[in-house]
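Examining the three-dimensional arrangement
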Amino acid sequence: MLSCGIKVLKIMEKKVIKEHFWKTGVDGDVRLTTDDLGWPEMLKEEALSDYPETIFRHCIEIVGFNLLFYWTRDENFYTIETVKNPIEVRRIYNNPQWDGVCEFLKAGIGESGPNTSSAGYVIATFSNPTRLWTDLIIDGVPINQVLEESAILTWD
């Protein structure tokens, strides 16, 4: 037992969540691991914070990014589309035949992101972006926890 207010940090072991995902790692690694979950370092740097609410509010409210993320709990993709009025939160079901390579890459067209062959469906709308952090709940789980358990794949 340590005293004097020193905290002991438990270093989490990198765990593979899904063997064949979509170019989350470097050097062609397509495995989804625990290291890939949560906010990417690039967004933390842009938001000048590692606090999840600050990063989210920076991305959604200040910059107006659209987000694409993959929630590992239910294995579905989600989008938060800030360009729409009202803002749409959409669930995109994973294609059970998907091999981790997006259809655009198979066709040699480019790196446009995963194509699940589904337009998905709107699960929530928001007229005010400031309400997403406090009011967005997916399957009974608040957005902050959903994003902690998600690979945030694209933002634009």
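Fair warning: this is a prediction, and the values are worked out from it, not measured in the lab.

**Notes on the environment of Leu132**
- With respect to the helices and strands, the residue Leu132 is situated in helix α4 (residues 132–135).
- Separated by 52 residues in sequence, Leu132 and Ile80 place their C-alpha atoms 9.5 Å apart.
- Setting aside anything within four residues of it in sequence, one finds Leu132 in contact with Phe56, Ile80, Ile87, Val89, Phe126 and Ile143.

**As for the sheet that holds strand β4 (residues 76–81)**
- Spatial strand order, β6-β5-β4-β3-β9: 5 strands in an open sheet with antiparallel pairing. Lying at the two open borders of the sheet, with one neighbouring strand each, are β6 (121–126) and β9 (150–155). Averaged over neighbouring strand pairs, the angle between their axes works out to 20° when direction is ignored.
- Of the pairings in the sheet, the one linking strand β3 (residues 67–71) to β9 comprises 5 bridges and is antiparallel in character. Residue pairing in the sheet places Tyr70 in a bridge with Ala151 of β9.

**Brief notes about the packing of aromatic side chains**
- A complete count under the given rule lists 5 aromatic pairs for this structure.
- Aromatic side chains Phe69 and Tyr78 sit 5.6 Å apart centroid to centroid with 15° between the ring planes, which places their arrangement in the stacked category.
- Under the relative-accessibility criterion, Phe69 is labelled buried at 0%.
- By relative accessible area, which is 0% here, Tyr78 ends up buried.
- A centroid spacing of 6.2 Å and a plane angle of 65° characterise the contact between Trp71 and Tyr78, whose relative ring orientation is edge-to-face. Taken individually, Trp71 and Tyr78 each receive the classification buried, so the pair is uniform in this respect.

**Looking at the nonpolar core**
- In terms of nonpolar packing, the biggest core is built from 26 residues, with Trp39, Phe56, Phe69, Ile80, Leu136 and Ile143 touching the most fellow members.
- Contributions of two or more residues to this core are made by α1 (41–47), α2 (52–63), β3, β4, β5 (87–92), β6, α4 and α5 (143–148).
- Top contributing element to this core by residue count: α2, with 4 residues.
- Leu68, Phe77, Ile92 and Ala151 belong to the second-largest nonpolar core, a separate cluster that totals 8 residues.

**Quick notes on the pattern of salt bridges**
- If you walk through the whole model with that rule in mind, you get 10 salt bridges.
- In this structure, Glu88 engages Arg90 in a salt bridge whose closest nitrogen and oxygen atoms are separated by 2.6 Å. The two residues Glu88 and Arg90 agree in class, both being buried.
- Each of Glu81, Lys84, Glu88 and Arg90 takes part in one network of salt bridges that share partners.

**Topic: the confidence of the model for the protein**
- Looking at the protein as a whole, its pLDDT mean stands at 80, while 71% of the residues score no less than 70.
- Segment residues 1–10: pLDDT under 50, and 1 contact once partners within four positions in sequence are set aside and those in other chains are kept.
- Counted against residues more than four places away or in other chains, residues 103–110, with its pLDDT under 50, gives 11 contacts.

Parameters and conventions
- Residues numbered from 1 in each chain as written.
- Predicted model: local features only at pLDDT ≥ 70, side-chain atom pairs only at ≥ 80, totals over all residues.
- Heavy atoms only, no water.
- Helix = DSSP H or I, 4+ residues; strand = E, 2+ residues; numbered from the N terminus.
- Contact = heavy atoms within 4.5 Å.
- Pairing = 2+ DSSP bridges.
- Axes fitted to C-alpha atoms, helices over the stretch in contact; angles between N-to-C directions.
- Phe/Tyr/Trp six-rings, centres within 6.5 Å; stacked < 30°, edge-to-face > 60°.
- Buried < 20%, exposed > 50% of the residue type's maximum accessible area, 1.4 Å probe, protein only.
- Core = buried A, V, L, I, M, F, W, Y, C linked by side-chain atoms within 4.5 Å.
- Salt bridge = Lys/Arg side-chain N within 4 Å of Asp/Glu carboxyl O.
- pLDDT = per-residue confidence, 0-100.

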